[in-house]
Amino acid sequence: MTTSLDPVFALLDDCDEAVVELESRCCEPGRSPRMVALADTLAAARSRLAEMREDPAAAPAVIATLENAGSQIGWLQIGCCAPSRLPLYERLLKNLMSVQREVTKHAGGGH
């Protein structure tokens, strides 16, 4: 079992923290279900990433889940009414991009 993916899990942990902070600072309760869905998608990414420890061929499933999370973040960010929360969205997207690059590298791709 490889541990080279451990830093990637830390990036997803940071995403979880950013989502919690976004939800706690949001003034629109109707957005909460979307944030819960995003948290669920990040959990799915973590689960698929764990599968990659045993099978690098699981990378496409991880990438697809990251893409889904990215689209959810985009929806939330565009609908956000508070510029002060933009750094949290940027942090989420930056982390997802870093995860994607590491997953691709780990699976044998070399972007």
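Residues numbered from 1 in each chain as written. Predicted model: local features only at pLDDT ≥ 70, side-chain atom pairs only at ≥ 80, totals over all residues. Heavy atoms only, no water.

Visitor: What am I meant to see in the packing of aromatic side chains here?
Guide: Both the distance between ring centres and the angle between the ring planes are used here to describe each pair of aromatic rings. Scanning the model with the defined rule gives zero aromatic pairs in all. Sitting over the ring of W75, R34 keeps its end group 3.6 Å from the ring centre. (Phe/Tyr/Trp six-rings, centres within 6.5 Å; stacked < 30°, edge-to-face > 60°. Lys NZ or Arg CZ within 6 Å of the ring centre and 35° of its normal.)

Visitor: What is the right way to look at helix α3 (residues 59-79) in this model?
Guide: In an α-helix, one turn spans 3.6 residues, which is why side chains three or four residues apart end up on the same side. Taking 1.5 Å of rise per residue, 21 residues should cover 30 Å, and α3 covers 30 Å from first to last C-alpha, within 8% of that figure. Contact partners of the buried residues in α3: α2 (32-54) and α4 (86-106). (Helix = DSSP H or I, 4+ residues; strand = E, 2+ residues; numbered from the N terminus. Expected span 1.5 Å × (residues − 1). Contact = heavy atoms within 4.5 Å.)

Visitor: How should I be thinking about the packing of α3 against α4 in this particular structure?
Guide: Relative placement of two packed helices is described by the angle separating their axes and the distance separating the axes. At a closest axis distance of 10 Å, the pairing of α3 and α4 adopts a crossing angle of 165 degrees. The angle between α3 and α4 falls in the class roughly antiparallel. Between α3 and α4 lies a crossing of left-handed hand. Residue-level contacts link A59, V62, I63, L66, A69, G70, I73, L76 and Q77 of α3 to L86, Y89, L92, L93, L96, V99, Q100, V103 and T104 of α4. Class assignment of the residues belonging to the contact of α3 with α4 gives a composition of 14 nonpolar, four polar and no charged. (Axes fitted to C-alpha atoms, helices over the stretch in contact; angles between N-to-C directions. Parallel < 35°, antiparallel > 145°, perpendicular 65-115°, else oblique. Left-handed = near helix turned anticlockwise from the far one by under 90°. Nonpolar A, V, L, I, M, F, W, Y, C, P; charged D, E, K, R; others polar.)

Visitor: Can you help me understand the packing of helix α1 (residues 6-25) against α2 in this one?
Guide: Relative to each other, α1 and α2 sit at 175 degrees, their axes nearing to 10 Å. Comparing their axes, α2 and α1 come out roughly antiparallel. Counted together, D6, V8, F9, L12, D13, C15, D16, V19, L22 and E23 of α1 and S32, M35, V36, L38, A39, L42, A45, R46, L49, A50 and R53 of α2 form the full contact between these two elements. Residues belonging to the contact of α1 with α2 are distributed by class as follows: 14 nonpolar, one polar and six charged.

Just geometry here; none of it tells us what the structure is for.
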